[in-house]
Amino acid sequence: MPAGGSSLFSGFRVLGLYSNHVPHALRYHLKHRESYVVTAVGRSFHTFNVNRLGIVAVSNSLPDEITCLAADRMLVFAATGRLISAFARNKEVVMHYNGHEQEVRLLLPLGDQLISADSGGDVIVWDVQSGEVYLRLHFDPSTFDVSAMMHPSTYLNKVLLGSSQGALQLWNIKTSKLLFTFAGWSAGVTVLQQSPAVDVVGVGTATGRIIIHNIRLDETLMSFTQDWGPITSLSFRTDGPPIVASGSPQGHIAFWDLERHQLVTQHRHAHRTSIAGATFLQGEPILVTNGADNAIKVWIFDQEGGGARLLRIRQGHSAPPTTIHHHGNDGKNILSAGQDGTLQSFSTVHERFNKNLGHGSVNKKKEKKKKKGLTYEELRLPAITAFSSSVTRQSDWDGIVACHRDRLATTTWNYQRCTMGAHHLQPSGSRRGAIATAVDITSCGNFVVIGSSCGRVDVYNLQSGLHRGCYGDDEKAHNGVVRGIATDTLNQLTLTTGSDWLLKFWRFKSKKLEEEMKLNAAPASMKLHRESGMLALALDDFTLVVVDIETRRVVRKFAGHHGNINDMTFSPDGRWLVTVAMDCTIRAWDLPSGSLVDCFLVATAPVSVSLSPTGDFLATAHVDSLGLYLWTNKSLCGPVGLRPLPADYQPVVETLPGVTVEETEQEVNSEEEEEDVYQSAEQLGAELVTLSLLPESRWKSLLHLDEIKKRNKPVAAPAAPAAAPFFLPTVPGLTPQFATQTQTEHETQSKVLNWGVLSQRSEFICTLESALTTGSFDQPLRLLKDCGPAALSVELNSLAPEGGGARELLLVFIQMIDSMLASGRDFDLAHAYLALFLKLHLRSLSQDATAMEALNHLLSRLEKGWAELQASFDQSLCLLSYAKSALL
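Worth saying up front: this structure is predicted, and the values here are computed from it rather than measured.

> So what's going on with the overall build of the chain? Which residues, and what values?
A count of helical and extended segments in the chain gives 12 helices and 58 strands. Against the 2.2 N^0.38 benchmark of 29 Å for 888 residues, the chain shows a C-alpha radius of gyration of 39 Å, more extended than a compact globule. Oriented by its inertia axes, the alpha-carbon framework of the chain measures out at about 120 × 90 × 50 Å. When burial is assessed residue by residue, the chain has 49% of its 888 residues classed as buried. If you take every contact in the chain between residues at least 6 apart in sequence, the share linking residues at least 24 apart comes to 45%. Summed over all atoms, the accessible surface of the chain reaches about 44,700 Å², with 52% contributed by carbon and sulfur.

> Describe the sheet that holds strand S32 (residues 342-347), listing the residues and the values that go with them.
One open sheet holds the four strands; their spatial order is S30-S31-S32-S33, and the pairing between them is antiparallel. The open sheet has two edge strands, strand S30 (321-327) and strand S33 (355-359), and neither has a second partner. Each strand axis lies, on average, 15 degrees off the axis of its neighbour in the sheet, ignoring direction. Sheet topology note: the S30/strand S31 (residues 333-338) ladder contains six bridges and is antiparallel. Across the sheet, the residue bridging to Pro321 is Gly338, located in S31.

> Quick rundown of the sheet that holds strand S10 (residues 104-110)? Include the residues and the values.
Taken in spatial order, the four strands make up an open sheet running S10-S11-S12-S13, and their pairing is antiparallel. On the outer flanks of this sheet lie S10 and strand S13 (133-138), each paired with one strand and no other. Mean inter-strand twist for the sheet, computed between neighbouring axes without regard to direction, equals 15 degrees. Bridge analysis of strand S11 (residues 113-118) against strand S12 (residues 122-127) gives five bridges, and the strand direction is antiparallel. Bridging from a neighbouring strand, Ser116 pairs with Ile124 of S12.

> For the side chain of His213, give the residues involved together with the corresponding values.
Within the secondary structure, His213 is located in strand S20 (residues 209-214). The exposure class assigned to His213 is buried, which follows from its relative accessible area of 4%. A polar contact is formed between the side chain of His213 and the side chain of Asp218, at a distance of 2.9 Å. Side-chain polar atoms of His213 contact the backbone oxygen of Glu219, separated by 3.3 Å. Beyond its immediate sequence surroundings of up to four residues, His213 is in contact with Phe182, Trp185, Asp199, Val200, Val201, Asp218, Glu219, Thr220 and Leu221.

> Tell me about the packing of helix H8 (residues 778-786) against helix H10 (residues 807-823), and name the residues and values.
Their axes nearest at 11 Å, the elements H8 and H10 cross at an angle of 90 degrees. The orientation of H8 relative to H10 falls into the category roughly perpendicular. Counted together, Pro780, Leu781 and Leu784 of H8 and Phe813, Met816 and Met820 of H10 form the full contact between these two elements.

> Explain the pairing of S31 to me, using residue names and the numbers behind them.
Of all the six residues making up S31, six are buried; the element is thus mostly covered by neighbouring parts of the structure. Alternating residues of S31 divide into Asn333, Leu335 and Ala337 and Ile334, Ser336 and Gly338, and every residue in both groups is buried. Taking the residues that link successive antiparallel strands as the turn, the S30-S31 hairpin has five residues, and the phi of Gly328 there is positive, at about 95 degrees. Where S31 hands over to S32, the hairpin turn is made up of three residues, of which Gly341 adopts a positive phi near 90 degrees.

> So what's going on with the confidence of the model for the chain? Which residues, and what values?
Should the pLDDT be low somewhere, the predicted coordinates at that spot are not to be read in detail. Overall, the predicted model of the chain reaches an average pLDDT of 87, with 90% of residues at or above 70. This model gives residues 659-677 a pLDDT under 50, and the stretch forms nine contacts once residues within four places in sequence are excluded. pLDDT under 50 marks residues 743-748. Its contacts with residues more than four places away, or in other chains, come to one contact.

> Go over the packing of H10 against helix H12 (residues 849-885), please, and point to the residues and values.
The relative placement of two packed helices comes down to the angle between their axes together with the axis-to-axis distance. At a minimum axis separation of 10 Å, H10 and H12 run at an interaxial angle of 10 degrees. With respect to H12, the axis of H10 lies roughly parallel. Seen from H10, the contacting residues are Arg807, Leu811, Ile814, Ile817, Asp818, Leu821 and Ala822; seen from H12, they are Thr850, Ala851, Ala854, Leu855, His857, Leu858, Arg861 and Leu862. Grouping the amino acids of the contact of H10 with H12 by side-chain chemistry returns 10 nonpolar, two polar and three charged.

> How would you summarise the pattern of salt bridges if you had to cite specific residues and measurements?
In total, this model carries 22 salt bridges according to the counting rule given. The residue Glu475 makes a salt bridge to Arg456 at a minimum N-O spacing of 2.7 Å. Of the two residues, Glu475 is situated in the loop between strand S41 (467-470) and strand S42 (482-487) and Arg456 in the loop between strand S39 (447-452) and strand S40 (457-461); the sequence distance between them amounts to 19 residues. On the basis of relative accessible area, Glu475 is assigned to the partly exposed category, the value being 41%.

> Report on the state of the cysteines, specifying residues and quantitative values.
Within the structure shown, the criterion is met by zero disulfides. Free cysteine: Cys403, not disulfide-bonded; nearest cysteine sulfur from Cys454 at 12 Å. For Cys470, which is in no disulfide, the shortest distance to another cysteine sulfur is to Cys454 and amounts to 10 Å.

> I'd like a rundown of the pairing of strand S2 (residues 25-29), residues and numbers included.
Direction of pairing for S2 relative to strand S3 (residues 34-41): antiparallel, over a ladder of five bridges. In the strand pairing of S3, Leu26 is matched with Val37. With antiparallel pairing between neighbouring strands as the criterion, S2 and S3 make up a hairpin whose turn holds four residues, including Arg33 at a positive phi of roughly 55 degrees.

Definitions and cut-offs
Residues numbered from 1 in each chain as written. Predicted model: local features only at pLDDT ≥ 70, side-chain atom pairs only at ≥ 80, totals over all residues. Heavy atoms only, no water. Helix = DSSP H or I, 4+ residues; strand = E, 2+ residues; numbered from the N terminus. Rg over C-alpha atoms; globule rule 2.2 N^0.38 Å. Buried < 20%, exposed > 50% of the residue type's maximum accessible area, 1.4 Å probe, protein only. Contact = heavy atoms within 4.5 Å. Areas by Shrake-Rupley, 256 points an atom, 1.4 Å probe, with all protein chains shown as cover. Pairing = 2+ DSSP bridges. Axes fitted to C-alpha atoms, helices over the stretch in contact; angles between N-to-C directions. Polar contact = N/O pair within 3.5 Å; in protein donor to acceptor, adjacent residues only side chain to side chain. Parallel < 35°, antiparallel > 145°, perpendicular 65-115°, else oblique. pLDDT = per-residue confidence, 0-100. Nonpolar A, V, L, I, M, F, W, Y, C, P; charged D, E, K, R; others polar. Salt bridge = Lys/Arg side-chain N within 4 Å of Asp/Glu carboxyl O. Disulfide = S-S within 2.5 Å.

Quick look at the structure:
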């Protein structure tokens, strides 16, 4: 068992996480001419482009939850507790700012400085590059608790601070002086925002007032009041219309006209939770908002009357998901029902394929009348507790049926239209207080079987929504709550189980009971693998029972969980059963061997699990987590050694996908891990040939240097510039006179260089001579690799006696080529260097018997090497030809 925790599954990534309660930060990339929005998600932040809301980058994980974000042109700043981190390239931590004693809650980048404020009253000005403290201010939280910060436009080195007591202070951070104190408006300041007009700022208060104030004259220009509580965000339009947007804790957004001093329009329920941030793009009629409901929304103002419409959205569950299932046979879409009451589909391929089927409503007709007195909450259905989906007839009628909390009626949903269906399936004459508890759609997609808490099991037609009968005598299939329902592939059998400890087999068409089986404990849930006919039941005593529906006998019993089994799923071939429980374990049981083959722990208890029909991904949902976590199946990528685990096996904690270890741990362990990093050998085998990593331009053109020089030769010699020199020469004397142009001493000198200038030997020749004694040619070869084609030609020319070298240097160079061919390394360079060497010195070498003997030895080595290569090539080509033509 590997130390990572699981031998079968490996964490891949998390789906459906977009935003939390931290206000977003906007960045504008000058080169790309595109705006980016940065949102915090737990211990990391995500960067999206505003044009498509496509994710661009995911930052490295921080040690704690991010409490506030800020960004400038180059860096993104994130605060976690008392630590501030600066990120470059939206991912890597490049600087830490550590100096606060309380939790940091405000950040403000200002040029080369960063201003931060904590809950203890400290305001620190940091130098961004060095990370040093430039200025530290302390405020008494009882008299001036800093709650908002901003930099007034055109106010050099000035920062405006707002307090929860209502007062405002203008500070010069360079001289550390308080310039002015504004009395305030008897309400705590929650937001400060610069308006497009100089000297004018917008102030949001805890009482819902919006004050437009001139800080130079200390004069209030206008004020508005919203009835939805404190102002959570403010933003001014900069593309022309004088509009300011304000956010509220209820998720509403109001738009105010600054010229007419009135409310223009409002968007109710723009977010399900408080508006964390709302920002207009510079010079564009586009508003970006985010909230704690795990949503990022982009609004565009192109409606009549100044209204806005939703342009783009990225949204996940605003409350933890409770039930997930793969939809379809390709395994690319996961249906998820959450505590927020929504039904959503997440794509494992790309976020643009995500779908939000919306929130169920009590009655669509009533929904159209909600403006006539019905509130938004009265129309919403409670959260979905169980659902079943089928793709067989989803193009003809609704293919999803869902049970809701504390409701007997089940709802139908249409996946292709992304809406709730037209049918509310509810049996007539049911006991009061009964609720729907289990549901299953038949394999043909025409019928749905629904179980309730009163013991009824009813059948409905999905196309018409009509009731097609019920199971059991007196319209009662079980003497208790129906815990699970399943139908086989051919619609011959219906399987039901209930809190009366019974598993019953019914004939689907006649609805007659064929057989019943007594269980050892009350079942909690049931899952059928239709292809193999294996039925898994999770019992209340934390055990599992697998029943063969053909023989109707218990074929496997599993025990090992120490908490309630929340969900289970079969592998596509029916070999594995994966279960999740409240003991925070995910276990994989092998049905043929009847043993536990994989088990690992997770940080939070999983509540639902689904293995894709293709078997590539395992999806899990966890307690208090808004995302869906994907785990890859290692057995599809390579052989996995699975062996039965002992009964006393202690599982190891596996990190949830998308969450990495702390940055500090990575830095500490990086030096220790360097020793264990595998280093590839320079030569894998003596019989192999290894090429160099140099580009072809460094050695392929060595034989054509003369042609290249001739081609690149200038047509005419460079002419002297006609312009006069900057300083004109003058003749010494009292009267200034310009000197006449005469032949300078430099021009009279000969341009033929002295032989002593060229007699100095290069570094390559020196190392080549020393290599003759040491026997290692690595250093001269390294120098040749660093040379370009022209410099290489000069070095080889200098080996000959007429170039300042000696006859012995030519022999040493031949030995260097021989050693390169013998080792098999840098095979291409050896041939290129040898070809240029022979082109330059073959005439002189032919007159030296010793050199010719060395060249003959080199020729035999070349022929031997090429013969071995040719044999290998012939063998490979023969095998390839046989594989292509033979009937295997």
